[in-house]
Amino acid sequence: MIREKDFMNWWREAKFGMFIHWGIYSALAGSWNGKSCGMLGAEWIMRNFRIPLKEYRRIADSFNPTEFDAEEYAKFAADNGMKYMVFTAKHHDGFAMYKSKASSYNIVDATPFGRDIVKELAEACKKYNVKFCVYYSQYQDWEDPNANGNDWDYNEADKDFKIYFENKLIPQVNELLTQYGDIGLIWFDTPYDMPREYCEQLVEYVKSIQPNCIINGRVGYYLGDYKQMSDNSIPVLSYPGDWETPFTINNTWGYDKNDTDWKDPKTIMEMLVKINSRGGNLLLNVGPDELGRIPERSAEIIQVIGRWLKINGESIYGTTCAPDFPYMMAWGGFTRKSNKLYMHNLKWPVYPYIRHFGGLKTKINRAYFLADGSEVEFIQNYEPARDEYNVRVKLPEKPLCELNTVVVLELDGEPEIHQLKI
Ligand code: H79
């Protein structure tokens, strides 16, 4: 299959990425004056509580994340099979986590820490062979008097978006694309009602500096290079085009000390399989704390996935959209690479340990466990009276891997599915 936009091939192969939400909001850890922002998202705290800029910027005065270690982040991504890293260079609060001449509201000029986080991460990612990418909030900027979002410090009627566009947005995007080498992807967010001509200019500008830098879907008006699904949302159907879903590992993006509602590794595994099987990438978030530490529980959860990927990565990386089968598969589902189907068994059958599924017309030449290559018995048949294609796979009593045991089905050709006729 020939696909357009060759520059996206690394991202198509990657399938699993690491999102990092980290900014001065992380220091508030989801609470303001003793009040928790609940499920609203700790990175939104300034707007959630309508914190005046004058007070909010004081966080920067003492922001000193001495535990931050870019190499640790990059190594963590690499060790756990996350092939790209998207870092919040600037979130909606408008605070740049890198040296910026366009605005002194940045980590180097406005904090005692004084180090350029983007620079350190870009270098560390290069060393560990993780594609470095940046998130940049292009429309909302609660620090800038002319951008969208801050209606408590500034009067909406006095705003002139063009001033912000020319004096902060474009210069800061320029800085990101010229100061840190190749940027794999630039991740825009919340375009809301940003006028189309500005979105077009922004896309042209990015491509004029780094033609191979991928632009995500939230630049608006389908001008990006791939479709950005809604946050924390898995589409019901498969899509053969390029798409990605960003997911939180608890309920917040930025660090919130009260949010301990972690998704367990099985749930994350299910998300990864479903998203990959429907043709997409999973961008899984971590929210480091005030000192720059990745919360222990989120690290543990990702490490479980990472260990599984070391053995079973073939069933994830480089897979393309699997066909839609006629029936739901409560036990897991399939990913696909050319003529191979990878059967993901997240739930194990009970006695007599037979996994049945319907709809596959293509002949299976061979079935084996991905983990150790050992053969798996199966029966494939067609029942004319019921017009049904059935496959029965004979599994052993115990799974090879509790989290997800993968059986590879080598097919005689491209998978062909017999859909239901009513
Ligand atoms: O960066 C993360 C979020 O902060 C950002 N996108 C991800 C990747 C995001 N911005 N907006 N939204 C997600 C959806 C916004 C929902 C809202 Fe609300 C409902 C905005 C106002 C009401 C959630 C609840 C945020 C504040 C209150």
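Residues numbered from 1 in each chain as written. Predicted model: local features only at pLDDT ≥ 70, side-chain atom pairs only at ≥ 80, totals over all residues. Heavy atoms only, no water.

**Student:** I'm lost on the overall build of the chain in this one. Help?
**Tutor:** What the chain contains, in helices and strands, is eleven helices and 17 strands. Principal-axis analysis of the C-alpha atoms gives the chain an extent of 75 × 40 × 40 Å. Each of the 422 residues in the chain was classed as buried or not, and the buried ones make up 56%. The long-range share in the chain, meaning contacts at least 24 apart out of those at least 6 apart in sequence, stands at 70%. Distance from the positive charge centre (49 side chains) to the negative charge centre (59 side chains) of the chain: 4 Å. (Helix = DSSP H or I, 4+ residues; strand = E, 2+ residues; numbered from the N terminus. Buried < 20%, exposed > 50% of the residue type's maximum accessible area, 1.4 Å probe, protein only. Contact = heavy atoms within 4.5 Å. Lys, Arg positive; Asp, Glu negative; His and termini not counted. Charge placed at Lys NZ, Arg CZ, Asp CG, Glu CD.)

**Student:** Just to check I follow, could you spell out the site of the ligand for this structure?
**Tutor:** Neighbouring the ligand are 13 residues, the closest being His-21, Glu-43, Trp-44, His-91 and Asp-189. In the environment of the ligand, an oxygen atom lies 2.6 Å from a nitrogen or oxygen atom belonging to the side chain of His-21. A distance of 2.7 Å separates an oxygen atom of the ligand from a polar side-chain atom of His-91. (Near = heavy atom within 4 Å. Polar contact = N/O pair within 3.5 Å; in protein donor to acceptor, adjacent residues only side chain to side chain.)

**Student:** Teacher, can you tell me more about the pairing of strand β11 (residues 332-337) here?
**Tutor:** Taken residue by residue, a regular strand's side chains alternate between the two faces of the sheet. Relative to strand β12 (residues 340-345), β11 is paired through six bridges, and the arrangement is antiparallel. In the strand pairing of β12, Lys-337 is matched with Lys-340. What sits between the antiparallel neighbours β11 and β12 is a turn of two residues, in which Ser-338 has the positive phi angle 40°. (Pairing = 2+ DSSP bridges.)

**Student:** Quick question: what am I supposed to make of the side chain of Gln-228 here?
**Tutor:** Position of Gln-228 among the secondary structure elements: in strand β8 (residues 227-228). At 3.4 Å, the side chain of Gln-228 forms a polar contact with the side chain of Tyr-226. One polar contact links Gln-228 to Glu-244, side chain to side chain, over a distance of 2.9 Å. With residues near it in sequence (within four places) discarded, Gln-228 still touches Trp-187, Asn-216, Gly-217, Arg-218, Glu-244 and Pro-246.

**Student:** Explanation requested: the sheet that holds strand β17 (residues 405-411) in the structure shown.
**Tutor:** Two orientations exist for strands paired in a sheet by backbone hydrogen bonds: parallel and antiparallel. As summarised here, the arrangement of the four strands in space is β11-β12-β17-β14, forming an open sheet in which the pairing is antiparallel. The open sheet has two edge strands, β11 and β14 (364-369), and neither has a second partner. On average, each strand axis in the sheet is inclined to that of its neighbour by 20°, with strand direction left out of account. Where β14 and β17 come together, five bridges link them in antiparallel fashion. For Ala-367, the partnering residue across the bridge sits in β17 and is Leu-409. (Axes fitted to C-alpha atoms, helices over the stretch in contact; angles between N-to-C directions.)

**Student:** Where do I start with the packing of aromatic side chains in this structure?
**Tutor:** Where two aromatic rings form a pair, the distance of their centres and the angle of their planes describe that pair. For the structure shown, the criterion picks out 25 aromatic pairs. Ring geometry for Trp-22 versus Phe-68: centroids 5.1 Å apart, planes at 25°, classification stacked. Remark: Phe-68 occurs in the loop between α4 (58-61) and α5 (70-79) and Trp-22 occurs in the loop between β1 (16-20) and β2 (31-32); sequence separation between them is 46 residues. With respect to class, Trp-22 is no different from Phe-68; both count as buried. By way of ring pairs, the aromatic residues Tyr-139, Phe-161, Tyr-164, Phe-165 and Tyr-198 are connected into one cluster. One residue, Lys-83, lies across the ring of Tyr-317, its end atom 4.4 Å from the ring centre. (Phe/Tyr/Trp six-rings, centres within 6.5 Å; stacked < 30°, edge-to-face > 60°. Lys NZ or Arg CZ within 6 Å of the ring centre and 35° of its normal.)

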